[in-house]
Amino acid sequence: MAHIPTAGRRARWRGAVYTVPLLVFLLALFVAPLVRLLQLSLRPVDGNNAALPGYTGHQYVRVLTEPFFYEALVRTIVTAALVTVLCVVLAYPAAYALARRRPGLVRTLLFVVVLSPLLTSVVVRSYGWVVLLGANGPVNRTLVGIGVLDQPAHLLTSYSAVVVSVTHVLLPFAIVPLTTALGGLDRDVLRASRILGAGPVRTFARVTVPLSLPGALSGALVVFALAMGIYITPLLVGGANQPLAGIRVYDQISTVFDFPVAAALSFVLLLITVLCTTGLGAAFRTWERRLHG
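The numbers attached to residues start from 1 for each chain and follow its sequence in the written order. Where totals are concerned, whole chains, interfaces and linings use all residues; where local detail is concerned, this predicted model gives features only for residues with pLDDT of at least 70, and gives and counts side-chain atom pairs only at 80 or more. The side-chain figures draw on all heavy atoms in the structure; neither hydrogens nor water molecules are used.

This next bit is on the overall build of the protein chain. Helix and strand counts for the protein chain come out as 13 helices and zero strands. Each helix corresponds to a stretch of at least 4 residues labelled H or I by DSSP, and each strand to a stretch of at least 2 residues labelled E; elements are numbered beginning at the N terminus. Secondary structure of the protein chain in N-to-C order comes out as α-α-α-α-α-α-α-α-α-α-α-α-α. A compact globule built from 293 residues would reach a C-alpha radius of gyration of about 19 Å, whereas the protein chain, at 24 Å, exceeds it by more than 25%. Taken over the C-alpha atoms alone, the protein chain extends approximately 85 × 75 × 35 Å along its principal axes. Exposure is judged per residue with a 1.4 Å probe applied to protein chains only, and the accessible area is read against the type maximum: over 50% gives exposed, under 20% gives buried, and values in between give partly exposed. Counting the 293 residues in the protein chain, one finds 32% classified as buried. Taking as baseline every contact in the protein chain between residues at least 6 positions apart, the subset at least 24 positions apart corresponds to 67%. The protein chains shown are the only cover counted for residues, whose accessible areas, like all others here, come from Shrake-Rupley with a 1.4 Å probe. For the protein chain, the exposed area adds up to about 17400 Å²; of that, 70% sits on carbon and sulfur atoms. Every radius of gyration here is taken over C-alpha atoms, with the globule rule written as 2.2 Å times N^0.38, N being the number of residues. A contact between two residues is defined here by any heavy atoms of the two lying within 4.5 Å.

As a further point, take the UniProt feature "domain: ABC transmembrane type-1" (unreviewed entry) in the protein chain. UniProt positions are given in the numbering used here, feature names are shortened, and annotations may be inferred rather than shown by experiment. Mapped onto the present numbering, the UniProt feature "domain: ABC transmembrane type-1" (unreviewed entry) falls at residues 73-280. Here residues 73-280 is 77% helix and 0% strand, with 18 Å between the C-alpha atoms at its ends.

Under the present numbering, the feature "transmembrane region" (unreviewed entry) in UniProt falls on residues 16-35, 72-92, 104-124, 159-185, 216-239 and 259-284. Across residues 16-35 one finds 100% helix and 0% strand; the C-alpha atoms that close the span lie 25 Å apart. Structurally, residues 104-124 comprises 67% helix and 0% strand, and the distance from its first C-alpha atom to its last is 30 Å.

Quick look at the pattern of salt bridges now. Only one rule defines a salt bridge in this text: a Lys or Arg side-chain nitrogen within 4 Å of an Asp or Glu carboxyl oxygen. A complete count under the given rule lists two salt bridges for this structure. One salt bridge connects E66 with R62, and the closest N-O pair in it is separated by 2.9 Å. Taken together, the shared-partner salt bridges connect R62, E66 and D258 into one network.

What follows is about the side chain of S212. Assignment of secondary structure puts S212 in the loop between α9 (200-211) and α10 (213-229). Contacts described as polar in this section are N or O atom pairs within 3.5 Å, which, within protein, must combine one atom able to donate a hydrogen with one able to accept it, while residues neighboring in sequence count only if both atoms come from side chains. A distance of 2.9 Å separates the side chain of S212 from the backbone oxygen of T208, its partner in a polar contact. Leave out the neighbours within four places in its chain, and S212 touches Y92, L178, A181, L182 and L185.

Within the patch definition used here, like charges are joined within 9 Å and nonpolar side chains (Val, Leu, Ile, Met, Phe, Trp, Tyr) within 5 Å, considering only residues with over 30% relative accessible area and no salt bridge. Side chains of L22, L23, F25, L26, L27, L29, F30, V31 and V35 sit close together on the surface and give an oily, nonpolar patch of about 850 Å² of accessible area. Structurally, L22 is set in helix α1 (residues 3-41).

It is worth spelling out unusual backbone geometry at this point. With a phi angle near 65 degrees, T157 is a residue other than glycine that sits in the positive phi range. Mapped onto the secondary structure, T157 falls in the loop between α6 (138-145) and α7 (159-183). Of note in this structure, F257 is not a glycine but carries a positive phi near 60 degrees. Its location among the elements puts F257 in the loop between α12 (245-254) and α13 (259-292). Residue F257 is classed as partly exposed on the basis of its relative accessible area, which comes to 48%.

With that settled, the discussion passes to the layout of surface pockets. Only protein atoms enter the 1 Å grid used here, on which a cavity is any set of points holding a 1.4 Å probe that cannot leave and a pocket is any open set flanked by protein within 12 Å on both sides along at least five of seven lines; residues with an atom within 4 Å of a point are listed as lining. Grid points are joined across faces, edges and corners, and a volume is the space filled by probe spheres set on the points. In this structure, the largest pocket spans a volume of roughly 270 Å³. Of all the secondary-structure elements, those providing two or more residues to the lining of the largest pocket are α1, α10, α12 and α13. Residues were grouped as follows: Ala, Val, Leu, Ile, Met, Phe, Trp, Tyr, Cys and Pro as nonpolar; Asp, Glu, Lys and Arg as charged; and all remaining residues, including Gly, as polar. Looking at the lining of the largest pocket, its residues break down into eleven nonpolar, four polar and no charged. Forming the boundary of the second largest pocket are A81, T84, V85, V88, A216, L217, A220, F224, C276 and L280. Only α3 (67-100), α10 and α13 provide two or more residues apiece to the lining of the second largest pocket.

A separate point is α3. For α3, with 34 residues, the first-to-last C-alpha span of 49 Å sits near the 50 Å given by 1.5 Å per residue. Bend, at a single residue, is the angle you get between axes fitted to the 7 residues ending at that residue and the 7 residues starting at it. The largest bend along α3 measures about 35 degrees and falls at Y92, with the proline P93 one to four residues further on. For a helix, the expected span equals 1.5 Å multiplied by the number of residues minus one.

This part is about the packing of aromatic side chains. What describes a pair of aromatic rings is the distance from one ring centre to the other and the angle between the planes of the rings. Stacked, edge-to-face and tilted labels apply to pairs of Phe, Tyr and Trp rings (six-membered ring for Trp) whose centres lie within 6.5 Å, assigned for plane angles under 30 degrees, over 60, and everything in between, in that order. Taken as a whole and judged by the stated rule, the model has four aromatic pairs. Considering the side-chain rings of Y92 and F204, the 5.7 Å spacing of their centres and the 80 degrees angle between planes classify their relative orientation as edge-to-face. One end of the pair, Y92, is in helix α3; the other, F204, is in helix α9, with 112 residues separating them in the sequence. Charge-over-ring placement is defined geometrically: NZ (Lys) or CZ (Arg) within 6 Å of the ring centre, and within 35 degrees of the ring normal. Residue placement shows R43 over the ring face of Y55; its charged tip is 4.6 Å from the ring centre. If you follow R248 out to its NZ or CZ, it ends over the ring of F68, 4.0 Å from the centre.

Further remarks concern the packing of helix α8 (residues 187-195) against α9. Only the stretch in contact is used when fitting a helix axis, every axis being a line fitted to C-alpha atoms; angles between N-to-C directions are given from 0 to 180 degrees. Their axes nearest at 10 Å, the elements α8 and α9 cross at an angle of 145 degrees. Taken as a pair, α8 and α9 cross one another with a handedness that is right-handed. Where α8 approaches α9, its residues V189, L190, S193 and R194 are matched on the opposing element by P200, T203, V207, T208 and L211. For the contact of α8 with α9, the per-class residue count stands at five nonpolar, three polar and one charged. Helix crossings get a hand from a simple test, with the near helix turned counterclockwise from the far one by less than a right angle marking a left-handed crossing and a clockwise turn marking a right-handed one.

Here it is as structure tokens:
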């Protein structure tokens, strides 16, 4: 009996040793840069926006009080929420088709179609929308050809183009977890719903959707977090004048060279993202506890 605690302690120490490389990796490549960025966000600046020694909260005051910054934060939250809703809604048909399809060549091909965009650079996909929505692109040529428009419209540099392109880029992140959730549903429950008189639409709304909400929530959290910080796609499709926080950070770094305010805006954006995702997850857990008692 005396050897059991010793063996248990050895197993625990062995497990702790295995986690050391992961902890070192996180500290070196995630925590340390964040600490350095936080320090930079608290630096005062001179007339040329160069960081000075010392600490001040002036950069955060600017981010939260100047319309140029806080309006971008508000627009970013609204855009991320809109893109998240669109991704989840559009993911349901694709995920449902994938989950219902039996394993085979067709299901494999469908998964390849869904996942292949993730193997392509986001810059390439974004430039694809630039080509599609350009003045001489297929969309404008089609609209002019069928008589909907008299002349090509300015589809690029519009907010609608940004929403559509970002939704396309992030859609696979909603489809994958939703497919897993739908694939795990008990077919007998769905069959019982139809036997009791519910049609396909009512079964989907009253049974399939509630049971698949964990997968929908997982996808929504990932999409929302990515949409809050995305800037390449809005920059290429919508232009540098789009009032989004990611583009504002890019402008402060590449044009104004005000690194402290860019760091402060990044941290505010990170804090908002963490609070929103944590609040959404907590609300879902509360709803789930009430639903299941």
